[in-house]
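Here are the chains, one letter per residue:
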Amino acid sequence: MSSPTHPYFSQTTLATALISATAVGVMSASYLYFNRPALKSRDKEIHELGGVPLLNAWAFFTRRYDFLRETFQRTGETLFRFRVLQHRVVASSGVEARTVFFNDKTLSLDEGYKVLLGGGPKLEEIHIDTGGLDKEAHFIRQLRTLTTPERLQDVFPSLLSDIDRHIGAWGAEGSIDPFTEIYKLVFQLTVRMATCRELADDRAAVARLCGLYDALEAGTTPAAVLLPWFPSPARAAREAATAGMYTMLHAYVERRRAAPVPSRDPIDVLLASGAPTEGIIGFVLGTIFAGVLNTGVNACWALLHLGLAPAWKARATAEIHALLATYAPAAGPLHARLAAIPVRAWEAETPATDAALRETLRLVMGGVALRRNVGARAVAVGERGAVGRGEFLVYPLADVHLDPAVYAAPARFDPGRYDAGRAEDTRVPLAYVAWGAGRHPCTGMRLAKLEMKAVLAFVLAGCEYAVVDGAGRALDALPAIDRNDLHLAGKARPMEPCRIQFKRVGDSE
Ligand code: HEM
């Protein structure tokens, strides 16, 4: 795993610092209790991290990626255990651990993220019972129903109109921060995919929902996650944002419920399945949470990488022109022509774009995946030890994605590494896990790929662009990614400002 150390505390705001100080103070009271050395004999094989447990826990929440990377390097271990308050967490690396991590059926994804991630809207925090609809299995079933090939084909023209509207608002030329603009665009696409036309067509309402979502994210501080019972300002901000989103969505769901004729929009599909209002709201919030960050951030990085890889940019652009020539030869607005390309062609006839996205995801998806052992027995992680009942297992995806023994010069953007002759992603088992693997592959992959391709296609075929720094100077290398976010990819922003300077071309070829 290679990434520059991120001096987290230099970026910490005063408010966060105050909350942090309070949190550490409160946590210190628990120190003696949680630091008791009682480890059972089966645990002895796994290296137990020394030092002050509270500081380990704090590092895990404030500079997660660096903490794990540095500890693996320093100890030379492939597994180590540390405490996060009352919880015991095993950090893992290597193929053996990865195989167990993704395949063992007693390791729960839901429970892992619920405690150790902390992000995302939770209606329970504002005492709303979702009637079970946002629970893991049900949530995934509903998501599958809403992302079948037929539904994707159905909604595709609306997604392209959304893209046209957003990118149109950038003007004929200028420069944008993709991590703001593309993020807002992907938020819009996700609202389109998960709610109803009344909301998705109302720009002000979507902007309001996006603002509330951002406030929720901002309220997800390490202190708020580590000490959920502590009445910090961050905690209050999280709850206020969740309540705001709940109230907004409640009105739309009830409006659809009262409508004399049901539509084919997602909220109506969920209503037709008998879902309660609270359950539908839980589903919408869950979909926004699962969908927006990863899709938005990867679309941004794909544009940036292609901007600095002219040969791949040319190949991906040529691919889109070829699709347009085949499926939409007549002149017309770009979004309408792109919408005429069938979803199956987007899925099967864009090999260069596929390779560029695959490579982007390998580089971006380096965050830490989480599980909890909810079974009755300990789960062996290779020969070195086991994850006990109730314990957590964490695996940083960068362990394999940035391993030089698997990917040559792993920090380099090189989509050709997946070509048949090289096939670096087949060198070891589970070498590529950017979409998850085993028991929990990403349910939104098809939708996410389509959204990212539609955004890329619109920019590649509709704009000339270059990647520049904050002062507008052309870049010849991209800044490193900030990997210390709590999410899998999370905000994964560049460590230095990075913008896209564009000029619209060929909108009605
Ligand atoms: C580029 C975009 C995306 C990437 C790279 C991505 C990546 C991933 C990864 C790595 C996992 C596995 C996590 C783990 O094993 O701990 C996952 C799971 C999941 N993703 Fe995605 N995701 C993306 C977009 C989406 C979207 C758009 C949705 C929904 C609309 C979605 C819904 C889910 C769900 C529900 C799961 C959990 C599946 C389960 O529990 O079995 N994802 N995703």
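The rules behind the values
- Residues numbered from 1 in each chain as written.
- Predicted model: local features only at pLDDT ≥ 70, side-chain atom pairs only at ≥ 80, totals over all residues.
- Heavy atoms only, no water.
- Disulfide = S-S within 2.5 Å.
- Axes fitted to C-alpha atoms, helices over the stretch in contact; angles between N-to-C directions.
- Helix = DSSP H or I, 4+ residues; strand = E, 2+ residues; numbered from the N terminus.
- Parallel < 35°, antiparallel > 145°, perpendicular 65-115°, else oblique.
- Left-handed = near helix turned anticlockwise from the far one by under 90°.
- Contact = heavy atoms within 4.5 Å.
- Nonpolar A, V, L, I, M, F, W, Y, C, P; charged D, E, K, R; others polar.
- Near = heavy atom within 4 Å.
- Polar contact = N/O pair within 3.5 Å; in protein donor to acceptor, adjacent residues only side chain to side chain.
- Donors = N, O, S within 2.8 Å, 3.2 Å for Na, K, Ca; no water.
- pLDDT = per-residue confidence, 0-100.
- Buried < 20%, exposed > 50% of the residue type's maximum accessible area, 1.4 Å probe, protein only.
- Pairing = 2+ DSSP bridges.

**Here's the deal with the state of the cysteines**
Part 1: Scanning all chains against the criterion turns up zero disulfides.
Part 2: Free of any disulfide, Cys 196 has its nearest neighbouring cysteine sulfur in Cys 210, separated by 17 Å.

**A few points about the packing of helix 15 (residues 277-307) against helix 19 (residues 351-364)**
Part 1: Running from N to C, helix 15 and helix 19 point in directions that differ by 115 degrees, and their axes come no closer than 9 Å. It follows from the interaxial angle that helix 15 and helix 19 lie roughly perpendicular. Here helix 15 and helix 19 pass one another in a crossing that is right-handed. Packed against helix 15, whose contacting residues are Val 297, Asn 298, Trp 301, Ala 302, His 305 and Leu 306, the element helix 19 presents Ala 356, Leu 357, Thr 360, Leu 361, Leu 363 and Val 364 at the interface.
Part 2: Split into classes, the residues belonging to the contact of helix 15 with helix 19 amount to nine nonpolar, three polar and no charged.

**Thoughts on the environment of Leu 447**
Part 1: Take Leu 447: it is sitting in helix 21 (residues 445-462).
Part 2: Along the backbone, Leu 447 and Leu 85 are 362 residues apart, and their C-alpha atoms lie at a distance of 38 Å.
Part 3: Other than its neighbours up to four places away in sequence, Leu 447 contacts Thr 147, Leu 152 and Met 193.

**Thoughts on the site of the ligand**
Part 1: Taken together, 30 residues are adjacent to the ligand, and Tyr 113, Arg 371, Gly 436, His 440 and Cys 442 come closest.
Part 2: Tyr 113 places a polar side-chain atom, nitrogen or oxygen, 2.6 Å from an oxygen atom of the ligand.
Part 3: His 440 has a polar side-chain atom sitting 2.8 Å from an oxygen atom of the ligand.
Part 4: For the shell around the ligand, the elements supplying multiple residues, two or more each, are helix 6 (109-116), helix 7 (136-146), helix 15, strand 6 (368-373) and helix 21.
Part 5: A per-element tally of the shell around the ligand places helix 15 first, with six residues.
Part 6: Here the residues of the shell around the ligand sort into 19 nonpolar, nine polar and two charged.

**What about the coordination of the iron atom of the ligand?**
Part 1: Just one protein atom donates to the iron atom of the ligand; it is Cys 442 (SG), sitting 2.3 Å from the metal.
Part 2: Within the secondary structure, Cys 442 is located in the loop between helix 20 (398-401) and helix 21.

**Notes on the confidence of the model for the chain**
Part 1: Residues with a pLDDT of 70 or more make up 86% of the chain, whose mean pLDDT is 86.
Part 2: Per-residue pLDDT stays below 50 along residues 1-43; that stretch engages in 73 contacts with residues further than four places along the chain or on separate chains.

**Let's talk about the pairing of strand 2 (residues 79-84)**
Part 1: Taking burial as the measure, the six residues of strand 2 include six buried ones, the bulk of the element.
Part 2: The side-chain alternation of strand 2 yields two buried faces, one formed by Leu 79, Arg 81 and Arg 83 and the other by Phe 80, Phe 82 and Val 84.
Part 3: When strand 1 (residues 47-48) meets strand 2, the two strands line up parallel, connected through two bridges. If you follow His 47 over to strand 2, its bridge partner there is Phe 80.
Part 4: Direction of pairing for strand 2 relative to strand 3 (residues 87-92): antiparallel, over a ladder of six bridges. Each residue of the ladder has a partner; that of Leu 79, found in strand 3, is Ser 92.
Part 5: The antiparallel pairing of strand 2 with strand 3 creates a hairpin that spans two residues between the two strands, and Leu 85 there sits at a positive phi of about 50 degrees.

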